[in-house]
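Coordinates in review
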Amino acid sequence: MVTKSATASMDTLDLAVKRRIPPEFNIFLVLIGIAVFFEILGWIFVGQSFLTNVARLQIIILQVSVIGIIAIGVTQIIITGGIDLSSGSVVAMSGMIAATFAQTAKWPKVIYPALTDLPFIVPILVGIAVGGLAGLVSGVLITKTKIPPFIATLGMMVSARGIARWYTDGSPVSGFTESFAVLGNGLSRWMPVVVFLCVAVIFHIVMRYTRYGKFTYAIGANEQAARVSGINIDMHLIKIYAIAGLLTGLAAMVAIARIKTAQAGMGLMYELDAIAASVIGGVSLSGGRGRIMGTVIGALILGVMLSGFTFLRIDAYYQDIIKGVIIVAAVVVDQRRQNKRRKTT
C-alpha cells in the first residue's frame, strides 16, 4: 500500500511539473539544439561560427518576419481544423495592387500616374484590404458552399496568382516613396521584426484571453459541441479566414517595402512555409491545439534551418527535400501524440 501510494504521489508530482512547463519550452529547446548543431558543423566544415555572426542572425530574423506574420493567421485557421493554401498567391496579389499606390512620380515607369506620391498609409491599407477581401471570399466559400477548405483556398491560390499577373501584364512594380519603404527598412532594417513581434503579442493575447480565441479552439476541438453550445460556426470561420487574409496583406506590405519592388511571382511556397512554421511550432493539423508563441518559435526554427543550410553551402534542391521531410516528420509526431492522448482519455 505504501509503495502504491508513493507511486501515485510521484505520478501526481510529475503531472504537476509537466503542467507548469509550457509546451513551447520543448520547442524552444529544439530551436537551441538546431542552432548548436549548425554551430558545431560550421566549425567542422566551414571553419566559421554560425551563431556569432550578427549580420546572419539579422537576416534570419528578417526572413522569418514575413512568413511569421502569415503563419500567425494560418495558425488560427489550422486550430479550427482548416487549411489555407492561398497565402503565397495572396501576397503576390496584395503586393502588386498596393505597389501601384506606393510609387513616386519621380520613377520613370509609373503604372498609374494619378496614383503617385500618396501618403504611405494608403498603399498599406489597400494591401491589407485586398488580403482581407481574399480571406473573406475563402471564408464565405467554405461556410456557404460547404466545400473543404483545401479546395476553396486552392481555387483562391490559382485566382489570386492570375490577378497578380493580369494587373500589370506581368510587369514588376518599383519606385516606391521613401515613407512607404520605411515599413520594410526603418529602425535600421528592424522594422519588419517589430511588426512581426507586435502582431504575435496581439494575437497571443487574443487567442488566450478573449472569446474569439475560446471559440476558435472550441470549433477545432469539437465542431458539433461548439455548435450546440451556441457558437455561430459559419460567422466565426468567416472572421478567421478574413483576419488571416488581413495578416497576409500586411505581410505582403512588409515584403515589398523591404525589397522595394513587387512582382507577380513573389510569395511562391509561402503558404507551405507558413503551414510548416505552425506545425513545427506544435499546432495540430487535427485542430483544437496550438499556440501563437509556438508558431513564432516554429518560424524561427524554419529560419535557422534554412540559414544553416545556406551557411553550410548545401544546394537549394537538398534544402527543399530536407524541409519536406521535416514537415512530414512534424505531422507524424503530432499524429502519435494525438493517438497517445486518445488512449489515455
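Conventions we followed
- Residues numbered from 1 in each chain as written.
- Predicted model: local features only at pLDDT ≥ 70, side-chain atom pairs only at ≥ 80, totals over all residues.
- Heavy atoms only, no water.
- Helix = DSSP H or I, 4+ residues; strand = E, 2+ residues; numbered from the N terminus.
- Buried < 20%, exposed > 50% of the residue type's maximum accessible area, 1.4 Å probe, protein only.
- Contact = heavy atoms within 4.5 Å.
- UniProt positions renumbered as here; feature names shortened; annotations may be inferred.
- Phe/Tyr/Trp six-rings, centres within 6.5 Å; stacked < 30°, edge-to-face > 60°.
- 1 Å grid on protein atoms, 1.4 Å probe; cavity = no way out; pocket = protein on both sides within 12 Å on 5 of 7 lines; lining within 4 Å.
- Points joined across faces, edges and corners; volume = space filled by probe spheres on them.
- Nonpolar A, V, L, I, M, F, W, Y, C, P; charged D, E, K, R; others polar.
- Core = buried A, V, L, I, M, F, W, Y, C linked by side-chain atoms within 4.5 Å.
- Patch = residues over 30% accessible without salt bridge, like charges linked within 9 Å, V, L, I, M, F, W, Y side chains within 5 Å.
- Areas by Shrake-Rupley, 256 points an atom, 1.4 Å probe, with all protein chains shown as cover.
- Salt bridge = Lys/Arg side-chain N within 4 Å of Asp/Glu carboxyl O.

A word on the overall build of the protein
Across its full length, the protein carries 14 helices and two strands. The principal-axis extents of the C-alpha atoms in the protein amount to approximately 85 × 60 × 35 Å. Scored against the burial criterion, the 345 residues of the protein give a buried share of 49%. Contacts in the protein between residues at least 24 apart in sequence constitute 78% of all its contacts with a sequence separation of at least 6.

Digging into the UniProt feature "transmembrane region" (unreviewed entry) in the protein
As annotated in UniProt, the feature "transmembrane region" (unreviewed entry) corresponds to residues 25-45, 57-78, 90-108, 120-142, 149-167, 187-207, 240-259 and 292-310 in the numbering used here. Within residues 90-108, the helical portion is 53% and the strand portion 0%, while the C-alpha atoms at the span's ends are 27 Å from each other. Secondary structure over residues 120-142 splits into 96% helix and 0% strand, and the C-alpha atoms at its two ends are 34 Å apart.

Quick word on the packing of aromatic side chains
Overall, the coordinates contain seven aromatic pairs when judged by the stated rule. Ring centres of Phe-37 and Phe-38 lie 5.7 Å apart, and the angle between their planes is 65°; on these two criteria the pair is classed as edge-to-face. Assessed through its relative accessible area of 46%, Phe-37 is described here as partly exposed. Pairwise contacts between aromatic rings join Phe-37, Phe-38, Phe-50, Phe-309 and Phe-311 into one cluster.

Focus on the layout of surface pockets
If you add up the space inside the second largest pocket, you get close to 640 Å³. Lining the second largest pocket are 25 residues; nearest its centre among them are Gln-63, Ile-67, Tyr-270, Asp-273 and Leu-306. Taken together, the elements giving at least two residues each to the lining of the second largest pocket come down to α3 (54-79), α11 (233-259), α12 (270-280), α13 (292-311) and α14 (316-344). For the lining of the second largest pocket, the class distribution of residues is 14 nonpolar, six polar and five charged.

Things to note about empty space enclosed by the protein
Summed over all chains, the structure comprises one cavity of 30 Å³ or more. Space inside the largest cavity adds up to approximately 60 Å³. Lining of the largest cavity is provided by 13 residues; of these, Asp-84, Ser-86, Val-90, Gly-135 and Gly-245 occupy positions nearest its centre. For the lining of the largest cavity, the secondary-structure elements that each account for two or more residues are α4 (87-99), α5 (121-145) and α11. Of the residues that constitute the lining of the largest cavity, the class distribution is four nonpolar, eight polar and one charged.

Focus: the nonpolar core
Considering soluble globular proteins, one finds that nonpolar side chains tend to be buried as a cluster. In this structure, Phe-38, Ile-69, Ile-72, Phe-180, Val-195, Ile-256 and Ile-301 are the most contacted members of the largest nonpolar core, which totals 86 residues. For this core, the element with the most residues is α11, which contributes twelve residues. Those residues in contact with Ile-256 that sit more than four places away from it in its chain are Gly-95, Ala-99, Phe-176, Phe-180, Thr-261, Ala-262 and Met-266. Counting five residues, the second-largest nonpolar core is a separate cluster that includes Ile-219, Ala-226, Ile-231 and Leu-237.

Examining the environment of Pro-149
Mapping Pro-149 onto the fold places it in helix α6 (residues 149-167). With eleven residues separating them in the primary sequence, Pro-149 and Ser-138 have C-alpha atoms 7.9 Å apart. When near neighbours in sequence (up to four residues on either side) are disregarded, Pro-149 contacts Gly-82, Ile-83, Ile-142, Leu-154 and Tyr-241.

As for the side chain of Ser-138
Structurally, Ser-138 can be placed in helix α5. For Ser-138, a relative accessible area of 2% puts it in the buried group. Beyond its immediate stretch of four places on either side in the chain, Ser-138 contacts Ala-152, Thr-153, Met-156 and Tyr-241.

Let's talk about a nonpolar patch on the surface
A grouping of Ile-21, Phe-25, Phe-28, Leu-29, Ile-32, Val-36, Ile-40, Ile-44 and Phe-45 is seen on the molecular surface, where their side chains present a nonpolar patch of about 840 Å² in accessible area. Position of Ile-21 among the secondary structure elements: in the loop between α1 (2-20) and α2 (24-46).

With respect to the pattern of salt bridges
It is possible for side chains bearing opposite charge to pair when their charged atoms get close. In the structure shown here, the tally under the stated rule is two salt bridges. The salt bridge partner of Lys-146 is Asp-234, with a shortest N-O separation of 3.3 Å. Here the residue Lys-146 occupies a position in the loop between α5 and α6, and Asp-234 occupies one in helix α11, the gap between them amounting to 88 residues. For Lys-146, a relative accessible area of 55% corresponds to the exposed category. Judged by relative accessible area, Asp-234 falls into the buried class, the value being 19%. The salt bridge partner of Arg-227 is Glu-223, with a shortest N-O separation of 3.1 Å. Residue Arg-227 and its partner Glu-223 are both found in helix α10 (residues 223-228); the two are separated by four residues, about one turn of the helix. Its relative accessible area of 38% is what places Arg-227 among the partly exposed residues. On the basis of relative accessible area, Glu-223 is assigned to the partly exposed category, the value being 37%.

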